[in-house]
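This is what each chain is made of:
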Amino acid sequence: MAQNPNKSYNGISDKKLLHMRSVAEECYRLAIESGMTESEARAAYTMGFIHDIGYAFSPAKGHAAVSAEMLYSLAGGNLTHDIVTAVRFHGKPSGKRIDEITPLSRILDTADLSVMPDGSKVSVRERLDDIKARYGKDSEQAINTEKLAKELGLI
Ligand SMILES: [Fe+2]
């Protein structure tokens, strides 16, 4: 892909790709563990792999919405709505979502909260510490992520 002349977004770095692959693996594992079928679990893998695709065209702050728009253009299939919604609102606690936290949202956020930006798997606490270190402990990202982790029962 040609380098975008607009440098105001991160793009998908090699590190981000590793994060996406690890989140996909975690989504698949969590889906199987929660009793989903092999087909549904593979859809969950796909969701994890593409949840940060919007970084290609957006800075970090808008990436979830851009990811969802890109997925929407691929619409079709029973799980599309739930997957697009899970991707659109990943990282957001209730009150910042249009829907309740669905089973697929739970899988994606649980996976995303256990994978570092470089793709390595860590505890939720370590992931929260990383977000606080990168954005600041009083940042919107840190506050939302901690609230979400509590809502998911992860901390
Ligand atoms: Fe993301």
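In the block above lies the structure referred to throughout.
Criteria and cut-off values
- Residues numbered from 1 in each chain as written.
- Predicted model: local features only at pLDDT ≥ 70, side-chain atom pairs only at ≥ 80, totals over all residues.
- Helix = DSSP H or I, 4+ residues; strand = E, 2+ residues; numbered from the N terminus.
- Buried ≥ 20, exposed ≤ 12 C-beta atoms within 10 Å, placed from the backbone.
- Contact = placed C-beta atoms within 7 Å.
- Arc of directions from axis to C-beta.
- Expected span 1.5 Å × (residues − 1).
- Axes fitted to C-alpha atoms, helices over the stretch in contact; angles between N-to-C directions.
- Parallel < 35°, antiparallel > 145°, perpendicular 65-115°, else oblique.
- Left-handed = near helix turned anticlockwise from the far one by under 90°.
- Nonpolar A, V, L, I, M, F, W, Y, C, P; charged D, E, K, R; others polar.
- Core = buried A, V, L, I, M, F, W, Y, C linked by C-beta atoms within 7 Å.

## Side note on the overall build of the chain
- For the chain, the helix and strand inventory stands at 7 helices and 0 strands.
- Along the chain, helices (α) and strands (β) appear in the sequence α-α-α-α-α-α-α when read from the amino end.
- Across its three principal directions, the C-alpha atoms of the chain cover 40 × 40 × 30 Å.
- A buried classification covers 32% of the 155 residues belonging to the chain.
- Nonlocal contacts in the chain, meaning residues at least 24 apart in sequence, comprise 54% of its contacts between residues at least 6 apart.

## Here's the deal with helix α3 (residues 63-72)
- Buried residues of α3: H63, A64, S67, A68 and L71, and no others. The arc enclosing the buried residues of α3, seen along the axis, measures out at 135°, which places them on a common side.
- Buried-residue contacts for α3 involve α2 (38-50) and α4 (80-88).

## Here's the deal with helix α6 (residues 124-135)
- Between the first and last C-alpha of α6 there are 16 Å, a value that for 12 residues agrees with the 16 Å anticipated at 1.5 Å per step.
- Looking only at α6, the buried set comprises R127, L128 and I131. One side of α6 holds all its buried residues, which, seen down the axis, span an arc of 100°. Across from the buried face of α6, at angles greater than 90 degrees, the exposed residues are R125 and A133.
- Elements in contact with the buried residues of α6: α7 (140-151).
- Looking one or two residues beyond α6, the residue adopting positive phi is G136, at roughly 105°.

## Some details on the packing of helix α1 (residues 14-33) against α2
- Relative orientation of the contacting elements α1 and α2 amounts to 155°, with a least axis distance of 7 Å. With respect to each other, α1 and α2 are oriented roughly antiparallel. Every pair of crossing elements has a handedness; the one defined by α1 and α2 is right-handed. Contacts between α1 and α2 involve M20, R21, V23, A24, E26, C27, Y28, A31 and I32 from the first element and E40, A41, A44, Y45, M47, G48 and F49 from the second.
- When its residues are assigned to classes, the contact of α1 with α2 shows 12 nonpolar, 1 polar and 3 charged.

## A few points about the nonpolar core
- Ranked by size, the top nonpolar core spans 25 residues in total, and within it C27, A44, M47, I83, V87 and I107 carry the most contacts.
- Looking at this core, the elements that each hand over two or more residues are α1, α2, α3, α4 and α5 (103-112).
- Of all the elements, α1 adds the most residues to this core, at 7 residues.
- Within the second largest apolar cluster, 5 residues are counted, among which are L128, I131, L148 and A149.

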